[in-house]
Amino acid sequence: MTTRSEKQPNVVLSPRDIAKVEAIVDHAICVADDLIAVTEEENRRLTSGRPTSIEDLLERKQKLAAELEQFLKKFRAQSNIFLLASPGKFTELQHRNEKLTTALAHNNQNLVRALTANRRRVKTIMRAIQDKQQSTARYGVNGQYNQNTPHPVSIGRRYEA
């Protein structure tokens with residue numbers, strides 16, 4: 001028995017071919033689920049408010065995103081064939097796509113916040129270093145020797161007065 005696509009009358013697939021198409025759509029749903037899970041874990045780590053490493057998630061996230069992108073390219077190129085999958089599969093895939101879009105939007109916001117916080121930390125540390133260097137510098141910012149600059153007097157190994 002063969003099925004003809006209503007949108008593309010020249011496409012004829014057997015039930016076995018349709019099962020393959022549905023398996024491909026099912027795989028795309030699984031990839032989307034995995035990508036959602038990785039993104040949500042990254043979001044959880046980023047919203048902790050503390051510096052945290054997400055490097056272990058990035059490689060997996062990139063691999064899953066590339067795999068999903070490959071599916072979408074195939075879908076665009078052969079949409080008439082993919083439309084032969086059951087409507088329930090596409091509803092499920094659309095739901096995952098919406099959930100993934102939401103998770104990625106939150107991820108983008110969290111990454112911007114984390115980047116801003118890290119920049120502030122670095123600026124604070126750099127300011128503290130510069131302040132410390134300026135307070136112990138023998139030369140001023142204009143290059144003149146400054147005799148009034150307080151500096152530690154060493155009285156032995158690791159001791160300052």
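Just so it is clear, the structure is predicted and the values come from calculations on it, not from any experiment.

Enquirer: Hey, could you go over the confidence of the model for the protein for me, with residue numbers and the actual values?
Expert: In this model, the protein carries an average pLDDT of 80, and 75% of its residues clear a pLDDT of 70 or more. pLDDT under 50 marks residues 1–9. Its contacts with residues more than four places away, or in other chains, come to 20 contacts.

Enquirer: Go over a nonpolar patch on the surface, please, and point to the residues and values.
Expert: Nonpolar side chains collect at one region of the surface, where Val-122, Ile-125, Met-126 and Ile-129 lie side by side and expose about 360 Å² of accessible area between them. Take Met-126: it is sitting in helix H4 (residues 87–136).

Enquirer: I'd like to hear about the nonpolar core, residue by residue, with values.
Expert: Core analysis: the biggest nonpolar cluster contains 9 residues, these being Val-21, Val-25, Ala-28, Ile-29, Phe-71, Phe-82, Ala-85, Phe-90 and Leu-93. Every element with two or more residues in this core is listed here: helix H1 (15–46) and H4. Per-element tally for this core: the top contributor is H1, with 4 residues. Non-local contacts of Ala-85, meaning those with residues more than four positions away in its chain, are made with Val-21, Glu-22, Val-25 and Phe-90. Core analysis: the next-biggest nonpolar cluster, separate from the first, contains 8 residues, Val-31, Leu-35, Val-38 and Leu-100 among them.

The rules behind these values
- Residues numbered from 1 in each chain as written.
- Predicted model: local features only at pLDDT ≥ 70, side-chain atom pairs only at ≥ 80, totals over all residues.
- Heavy atoms only, no water.
- pLDDT = per-residue confidence, 0-100.
- Contact = heavy atoms within 4.5 Å.
- Patch = residues over 30% accessible without salt bridge, like charges linked within 9 Å, V, L, I, M, F, W, Y side chains within 5 Å.
- Areas by Shrake-Rupley, 256 points an atom, 1.4 Å probe, with all protein chains shown as cover.
- Salt bridge = Lys/Arg side-chain N within 4 Å of Asp/Glu carboxyl O.
- Helix = DSSP H or I, 4+ residues; strand = E, 2+ residues; numbered from the N terminus.
- Core = buried A, V, L, I, M, F, W, Y, C linked by side-chain atoms within 4.5 Å.
- Buried < 20%, exposed > 50% of the residue type's maximum accessible area, 1.4 Å probe, protein only.

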